[in-house]
Amino acid sequence: MAKINGNEIRPGNVLEHNGSLWVAVKADHVKPGKGGAFAQVELRNLRNGSKLNERFRSADKVERVRLEQKDMQFLYETDGMLVFMDAQTYDQVELPAEILGERRPLLQDGMTIQIEFHEEEALNASLPQKVTCKVVETEPVVKGQTAANSFKPATLDNGLKIMVPPFVGPDEDVVVNTETIEYAERA
């Protein structure tokens, strides 16, 4: 593990702090008129999800942790736990469904996603950037509505509601961006 200065902390960095693993959610660098500069960092605990605001001076050293990333296949959900399998070793790993938050409906059976490990302990999961879904229901096109940025609501096969362009109809496949949960393109 590498030690980094407090002013080198960036969002997304995983740190070992107070005997636990934390991911930096937000990092603001502050240079007050009097005294030394510091980084105001919002941290989220990777094991229990609790949040912590911490100040790191540039002279402070923190332990930066590198997580091992593995591609694993989603099998099923049971009692609020998502079960994933390593395609090479057939090892199975369970993670709580809350780890995906509002992106949970985008997870599809058999989908390969990236799981982050620290010393054989699964900590985090990230979906692919784009997912293909089928439009189940959408409003009909209104004639004469030709504004450049007009969108209409649509319900996807996973129950998610997103805004789509007027030319998209029911039973069409669309690509959804998993980071913003918005329409990206036609499939």
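None of the values given here were measured: they were computed from a predicted structure. (Residues numbered from 1 in each chain as written. Predicted model: local features only at pLDDT ≥ 70, side-chain atom pairs only at ≥ 80, totals over all residues. Heavy atoms only, no water.)

Asks: Looking at this structure, how should I read the sheet that holds strand E10 (residues 112-118)?
Replies: Backbone-to-backbone hydrogen bonds pair the strands of a sheet. The strands run either parallel or antiparallel. An order of E9-E8-E7-E10-E11 is seen for the 5 strands of this open sheet, with the pairing classed as antiparallel. Every other strand in the sheet has two partners, leaving strand E9 (92-96) and strand E11 (121-126) as the edge strands with one partner each. Within this sheet the neighbouring strands show an average axis-to-axis angle of 45°, counted without direction. As defined by bridge partners, strand E7 (residues 68-78) adjoins E10 across 6 bridges and the pair is classed as antiparallel. Across the sheet, Met72 pairs through a bridge with Ile113, a residue of E10. (Pairing = 2+ DSSP bridges. Helix = DSSP H or I, 4+ residues; strand = E, 2+ residues; numbered from the N terminus. Axes fitted to C-alpha atoms, helices over the stretch in contact; angles between N-to-C directions.)

Asks: When you look at the nonpolar core in this model, what are you seeing that I'm missing?
Replies: General note: in soluble globular proteins, nonpolar side chains tend to be found buried as a group. In this structure, Phe84, Leu107, Ile113, Ile115 and Leu156 are the most contacted members of the largest nonpolar core, which totals 30 residues. Sequence-distant contacts of Leu156, defined by excluding residues within four places in its chain, comprise Cys133, Lys134, Val135, Val136, Ile162, Val174 and Val176. Of all hydrophobic cores here, the second largest spans 11 residues; its members include Ala24, Leu43, Phe56 and Val62. (Core = buried A, V, L, I, M, F, W, Y, C linked by side-chain atoms within 4.5 Å. Buried < 20%, exposed > 50% of the residue type's maximum accessible area, 1.4 Å probe, protein only. Contact = heavy atoms within 4.5 Å.)

Asks: What is the right way to read a negative patch on the surface from this model?
Replies: On the surface, a cluster of negative charge is made up of Glu16, Glu68, Asp91, Glu119 and Glu120. Looking at the element boundaries, Glu16 is found in strand E2 (residues 14-17). (Patch = residues over 30% accessible without salt bridge, like charges linked within 9 Å, V, L, I, M, F, W, Y side chains within 5 Å. Areas by Shrake-Rupley, 256 points an atom, 1.4 Å probe, with all protein chains shown as cover. Salt bridge = Lys/Arg side-chain N within 4 Å of Asp/Glu carboxyl O. Lys, Arg positive; Asp, Glu negative; His and termini not counted. Charge placed at Lys NZ, Arg CZ, Asp CG, Glu CD.)

Asks: Hey, could you run me through the UniProt feature "domain: Translation elongation factor P/YeiP central" (unreviewed entry) in the protein chain in this one?
Replies: The feature "domain: Translation elongation factor P/YeiP central" (unreviewed entry), as annotated in UniProt, sits at residues 69-123 in this numbering. What you have in residues 69-123 is 0% helix and 55% strand, and the ends, taken at the C-alpha atoms, are 10 Å apart. (UniProt positions renumbered as here; feature names shortened; annotations may be inferred.)

Asks: Please clarify how the pattern of salt bridges should be interpreted in this entry.
Replies: Once their charged atoms are close, side chains differing in charge can pair, the charge on each being opposite to the other. In this structure the tally under the stated criterion is 7 salt bridges. Across the pair Arg57 and Asp60 runs a salt bridge whose closest N-O atoms are separated by 3.5 Å. Overall, the relative accessible area of 52% leaves Arg57 in the exposed class. By relative accessible area, which is 22% here, Asp60 ends up partly exposed. Among the ionic pairs, Lys134 bridges to Asp173, the shortest N-O distance being 3.5 Å. Taken together, the residues Lys134 in strand E12 (residues 130-138) and Asp173 in strand E15 (residues 173-177) connect sequence positions 39 residues apart. Of the residues examined, Lys134 reaches a relative accessible area of 33% and is grouped as partly exposed.

Asks: Sorry, what's going on with the sheet that holds strand E14 (residues 161-164) here?
Replies: Taken in spatial order, the 5 strands of this open sheet run E14-E13-E12-E15-E16, and their pairing is antiparallel. The sheet terminates laterally at E14 and strand E16 (182-186), the two strands that pair on one side only. Strand-to-strand twist across the sheet, computed as the mean angle between neighbouring axes with direction ignored, equals 55°.

Asks: Just to check I follow, could you spell out the packing of aromatic side chains for this structure?
Replies: Geometrically, a pair of aromatic rings is defined through the distance of the ring centres and the angle of the planes. Within this structure, the stated rule accounts for 1 aromatic pair. Taking the ring centre of Phe117 as reference, the NZ or CZ of Lys70 above it sits at 5.0 Å. (Phe/Tyr/Trp six-rings, centres within 6.5 Å; stacked < 30°, edge-to-face > 60°. Lys NZ or Arg CZ within 6 Å of the ring centre and 35° of its normal.)

Asks: Is there a simple way to explain the pairing of E10 in this structure?
Replies: Counted residue by residue, E10 has 5 buried out of 7 residues, so it is predominantly covered. Summarising the sheet, E10 and E11 pair through 5 bridges and their orientation is antiparallel. Looking at the pairing, Glu116 lines up with Asn124 of E11. Counted between consecutive antiparallel strands, the loop separating E10 from E11 contains 2 residues, among which Glu119 sits at a positive phi close to 50°.

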